[in-house]
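# Architecture at a glance
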Amino acid sequence: MSPYEINPQDAAITLAETDRLAAKMSKDVYAMRAAMASLAAATAFGLILIGLVPSIGAIIAGTAAIVAASIPVSLVGATARARDRAFSRRYLLTIGFWGLLFAGAILIGMYLFQQVPGFWIPAAILCAIPPVAFIITGNRATR
């Protein structure tokens with residue numbers, strides 16, 4: 001057998017491994033999209049609760065929702081092995097922008113705009129944009 005000939009058994013093993021890795025990547029991409037969607041929704045919901053409902057219970061519930069949604073984003077981001085080339089950069093940019101926007105909304109809102117819907121509703125929408133942008137750019141990257 002010359003070095004240019006392909007052994008059918010080796011080819012079958014390679015194809016099976018390729019199929020397994022493609023399925024793993026598809027599962028990881030879906031899990032990250034779902035985690036980012038839940039982070040966007042929980043951020044918007046949590047910020048509206050924190051900013052507009054004047055009780056400690058609302059602050060605790062809003063914070064718990066945001067923390068609960070950030071756990072899967074962290075776990076999937078840390079454990080996903082099969083990724084597209086731009087995943088790490090997009091992930092870090094998304095989490096960085098989300099964190100800056102969220103911290104700014106909380107700090108500014110709690111000190112200057114307590115219970116002002118004109119601040120909290122746009123802030124909630126703005127803070128939900130980075131995870132949604134991650135989902136959209138991920139769709140483009142996998143095409």
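## Here's the deal with the overall build of the protein chain
Secondary structure assignment for the protein chain yields four helices and zero strands. The helix and strand sequence of the protein chain, counted from the amino end, reads α-α-α-α. Here the protein chain holds 143 residues, and the buried ones make up 30% of them. Taking the intrachain contacts of the protein chain between residues at least 6 apart in sequence as the baseline, contacts between residues at least 24 apart amount to 72%. Carbon together with sulfur atoms contributes 71% to the accessible area of the protein chain, which is approximately 9,000 Å² in total.

## Examining the confidence of the model for the protein chain
The predicted model of the protein chain has a mean per-residue pLDDT of 86, with 86% of residues at 70 or higher. Here helix H1 (residues 8–52) stands out as the element of the protein chain with the lowest mean pLDDT, 83, in contrast to helix H3 (residues 87–112), whose mean of 92 is the highest.

## Re H3
Compared with the 38 Å implied by 1.5 Å per residue over 26 residues, the 37 Å span of H3 between its first and last C-alpha is a close match. Within H3, the full set of buried residues consists of Phe 87, Arg 90, Tyr 91, Thr 94, Trp 98, Phe 102, Ala 105 and Gly 109.

## Here's the deal with a nonpolar patch on the surface
On the surface, a nonpolar cluster with roughly 620 Å² of combined accessible area is contributed by Leu 107, Ile 108, Tyr 111, Leu 112, Phe 113 and Val 116. By the secondary structure assignment, Val 116 is in the loop between H3 and helix H4 (117–141). We classify Val 116 as partly exposed; its relative accessible area is 32%.

## So, the side chain of Thr 43
Tracing the backbone through its elements, the reader meets Thr 43 in helix H1. Judged by its relative accessible area of 0%, Thr 43 is buried. A polar contact of 3.0 Å, which involves the side chain of Thr 43, links it to the side chain of Trp 98. Not counting chain neighbours up to four residues away, the residues in contact with Thr 43 comprise Ile 66, Trp 98, Phe 102 and Cys 127.

## Re the packing of aromatic side chains
Counted by the stated rule, this structure contains three aromatic pairs. Between Trp 98 and Phe 102 the ring centres are 5.3 Å apart and the planes differ by 10°, which places this aromatic pair in the stacked class. One end of the pair, Trp 98, and the other, Phe 102, are both in helix H3, four residues apart, so they sit about a helical turn from each other. Take Trp 98: its relative accessible area is 12%, and that puts it in the buried class.

## Considerations on the nonpolar core
Counting residues in each nonpolar core, the largest one holds 23 residues, and the members touching the most others are Met 32, Met 36, Leu 47 and Tyr 91. Among the secondary structure elements, those contributing two or more residues to this core are H1, helix H2 (56–79), H3 and H4. Excluding anything up to four places from it in sequence, Tyr 91 contacts Met 32, Met 36, Val 73, Ser 74, Gly 77 and Phe 134.

## A few points about unusual backbone geometry
Glycine aside, a negative phi is what most residues show, and trans is what most peptide bonds show. Within the chain, Gln 115 stands out as a residue other than glycine whose phi angle is a positive 60°. Turning to its location among the elements, Gln 115 is positioned in the loop between H3 and H4.

## Thoughts on H2
For H2, spanning 24 residues, the distance from its first C-alpha to its last is 35 Å, which sits close to the expected 34 Å at 1.5 Å a residue. Residues of H2 that are buried: Ala 58, Gly 62, Ile 66, Ala 69, Val 73, Val 76 and Gly 77.

## Here's the deal with the packing of H2 against H3
Here H2 crosses H3 at 170°, and the two axes come no closer than 12 Å. By the criterion of interaxial angle, the relationship of H2 to H3 is roughly antiparallel. Together, Ile 59, Ile 66, Val 73, Ser 74 and Gly 77 of H2 and Phe 87, Tyr 91, Ile 95, Trp 98, Phe 102 and Met 110 of H3 make up the contact between the two elements. Residues of the contact of H2 with H3, tallied by class, amount to nine nonpolar, two polar and no charged.

Thresholds applied
Residues numbered from 1 in each chain as written. Predicted model: local features only at pLDDT ≥ 70, side-chain atom pairs only at ≥ 80, totals over all residues. Heavy atoms only, no water. Helix = DSSP H or I, 4+ residues; strand = E, 2+ residues; numbered from the N terminus. Buried < 20%, exposed > 50% of the residue type's maximum accessible area, 1.4 Å probe, protein only. Contact = heavy atoms within 4.5 Å. Areas by Shrake-Rupley, 256 points an atom, 1.4 Å probe, with all protein chains shown as cover. pLDDT = per-residue confidence, 0-100. Expected span 1.5 Å × (residues − 1). Patch = residues over 30% accessible without salt bridge, like charges linked within 9 Å, V, L, I, M, F, W, Y side chains within 5 Å. Salt bridge = Lys/Arg side-chain N within 4 Å of Asp/Glu carboxyl O. Polar contact = N/O pair within 3.5 Å; in protein donor to acceptor, adjacent residues only side chain to side chain. Phe/Tyr/Trp six-rings, centres within 6.5 Å; stacked < 30°, edge-to-face > 60°. Core = buried A, V, L, I, M, F, W, Y, C linked by side-chain atoms within 4.5 Å. Axes fitted to C-alpha atoms, helices over the stretch in contact; angles between N-to-C directions. Parallel < 35°, antiparallel > 145°, perpendicular 65-115°, else oblique. Nonpolar A, V, L, I, M, F, W, Y, C, P; charged D, E, K, R; others polar.

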